[in-house]
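# Observations on the model geometry
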Amino acid sequence: MTITSEAPTRQAVPEFLELEITGKCQLTCPSLCYAKAGPTEEHGSMTAADWKRLISEAAEIGVKKVQFIGGEPTMHPDFAALMHRALALGLHVQVYSNLYRVKLAHWELFEHPRVSLATSYYSDVAEEHERVTGRKGSHAATRANIVQAISRGIPLQVGVVETLEGQRTSEAREELLSLGVRTVHTDRVRSVGRGEVHDPTVDDLCGRCADGRAAVMTDGTITPCVLGRFLGTGNAKTDGLAAVFGGQQWAETAASIPRRDTSVACTPNDSGDCDPANTEACDPAY
């Protein structure tokens with residue numbers, strides 16, 4: 001992977017928008033969760049009405065795909081309603097879930113033709129996977145729901161992040177492929193959230209942040225991606241998406257992120273297109 005020397009040229013309005021709708025999660029992931037999510041965390045100050053307005057504005061300004069993420073997005077009390085809003089507006093939707101618990105009603109939502117799933121999987125060995133998640137039984141539950149998603153024909157991508165010394169990441173990847181997962185991404189722990197080993201900088205990012213993508217935090221803060229959460233550029237609730245993406249702060253922040261050549265890592269999606277959310281080097285797998 002190389003870093004280009006010229007200043008990057010990035011589109012102002014991203015086509016892919018990550019919506020971090022909650023900090024609540026059944027897992028704790030004590031050594032790597034970038035959002036510092038967990039069972040005792042809250043949904044944030046963005047109300048359901050705020051999220052619905054944001055989704056409508058996103059569709060109006062040219063966003064093509066939103067990703068619901070957390071925390072565990074399915075734990076938000078208005079998760080289904082937010083998904084319905086996005087789909088009604090013609091957006092493609094991805095749900096980044098830990099797949100620890102999936103309600104029947106959610107499976108029915110996930111089978112919509114414009115919906116895909118993403119999840120994280122850390123090892124083919126239960127004990128090792130659960131050292132990462134901090135939750136006994138999470139390996140069997142997530143693996144079973146990966147199999148369920150595949151059997152239902154739901155597009156699924158899985159991220160494998162190496163966080164433990166000697167972790168069986170290669171074996172986990174091979175197991176996922178053998179189960180029928182078509183897209184498996186690998187990554188390393190980045191110095192963000194609970195994975196922080198030094199103050200995060202733009203050099204900790206993969207180079208795809210703000211490159212056709214952005215994220216909105218639980219308080220409305222807009223950042224270049226969920227891993228670039230330390231780079232706030234405005235607030236969707238108070239400023240609006242259009243104003244932020246058309247503003248000087250967004251342009252300067254985007255230009256400050258070293259752009260890497262990730263063309264070889266881009267994996268085609270089910271339509272055969274290169275999906276900005278579908279790159280090995282920039283996968284929010286933790």
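Every value quoted in this text rests on a predicted model; they were computed, and no experiment measured them. (Residues numbered from 1 in each chain as written. Predicted model: local features only at pLDDT ≥ 70, side-chain atom pairs only at ≥ 80, totals over all residues. Heavy atoms only, no water.)

## A short note on unusual backbone geometry
Inclusion rule: Numbering goes from the N terminus for both helices and strands, where a helix is a DSSP run of H or I of at least four residues and a strand is a run of E of at least two. The buried label applies to any residue whose accessible area, calculated with a 1.4 Å probe on protein chains only, is under 20% of its type's maximum; exposed applies above 50%, and partly exposed to all values in between.
A cis geometry characterises the amide bond from Gly70 onward to Gly71, with omega recorded as 20°. The topology assignment puts Gly71 in the loop between β2 (65-69) and α2 (79-88). The backbone of Cys29 sits at a positive phi, close to 40°, despite the residue not being glycine. Mapped onto the fold, Cys29 is located in the loop between β1 (16-20) and α1 (48-61). Among the residues examined, Cys29 registers a relative accessible area of 11% and is labelled buried.

## Some remarks on the nonpolar core
Most often, soluble globular proteins keep nonpolar side chains buried together rather than apart. Our working rule: As used in this record, nonpolar core signifies buried Ala, Val, Leu, Ile, Met, Phe, Trp, Tyr and Cys residues forming a set joined through side-chain atoms within 4.5 Å. Whether two residues touch is decided by their heavy atoms; if any such pair falls within 4.5 Å, the residues are in contact.
Counting 74 residues, the largest nonpolar core has Leu17, Leu19, Phe68, Met83 and Phe110 as the members making the most contacts within it. Beyond its immediate chain neighbours, meaning those up to four positions away, Leu19 contacts Trp51, Leu54, Ile55, Val66, Gln67, Phe68, Ile69 and Val216.

## Some remarks on helix α5 (residues 138-151)
An α-helical segment advances 3.6 residues per turn. Residues three or four places apart therefore align on the same side. Counted only if it meets this: The span you would expect from a helix comes to 1.5 Å times its residue count less one.
Between its first and last C-alpha atoms α5 spans 20 Å; for 14 residues at 1.5 Å apiece the expected length is 20 Å, and the two agree. Two residues or fewer past α5, Gly153 is found with a positive phi of approximately 75°.

## Topic: the confidence of the model for the protein chain
Going by this rule: Confidence scores labelled pLDDT are given residue by residue by the predictor and lie between 0 and 100.
Of the residues in the protein chain, 82% have a pLDDT of 70 or more, and the chain-wide mean is 85. The model gives residues 1-8 a pLDDT under 50, and that stretch makes 15 contacts with residues more than four places away or in other chains. Below pLDDT 50 for its whole length, residues 262-286 participates in 76 contacts with residues either more than four positions away or in separate chains.

## Describing the sheet that holds strand β8 (residues 222-223)
The condition is simple: For two strands to be treated as a pair, DSSP must find no fewer than two bridges joining them. Axis geometry follows a simple rule: fit a line to the C-alpha atoms, using only the stretch in contact for helices, then measure angles between N-to-C directions, giving values from 0 to 180 degrees.
Spatially, β6-β5-β4-β3-β2-β1-β7-β8 is the arrangement adopted by the 8 strands of the open sheet, whose pairing is mixed. Only two strands of the sheet have a single partner each, and these edge strands are β6 (183-188) and β8. In the sheet, strand β3 (residues 92-96) pairs with strand β4 (residues 115-120) via 4 bridges, with the strands oriented parallel. Within β4, the position partnered with Val95 by the bridge is Leu117. The strands that α1 touches are β1, β2 and β7 (213-216); relative to β1, the one it contacts most, it runs at about 175°.

## Side note on the packing of aromatic side chains
Applicable threshold: Stacked, tilted and edge-to-face are the three classes applied to pairs of Phe, Tyr and Trp rings, where Trp contributes its six-membered ring and a pair requires centres within 6.5 Å; stacked means planes under 30 degrees apart, edge-to-face means over 60, and tilted covers the rest.
All chains considered together, the criterion is met by 4 aromatic pairs. Seen from their ring centres, Phe79 and Phe110 are 6.4 Å apart, and the 70° between their planes marks the pair as edge-to-face. Here the residue Phe79 occupies a position in helix α2, and Phe110 occupies one in helix α3 (residues 104-110), the gap between them amounting to 31 residues. Here Phe79 and Phe110 have matching classes, each one buried. Their ring planes at 85° and their centres at 6.0 Å tell us that Trp107 and Phe110 sit as a pair that is edge-to-face. Taken as a pair, Trp107 and Phe110 lie in helix α3 at a separation of 3 residues, close to a single helical turn. Classification of Phe110 by relative accessible area gives buried; the value is 1%.

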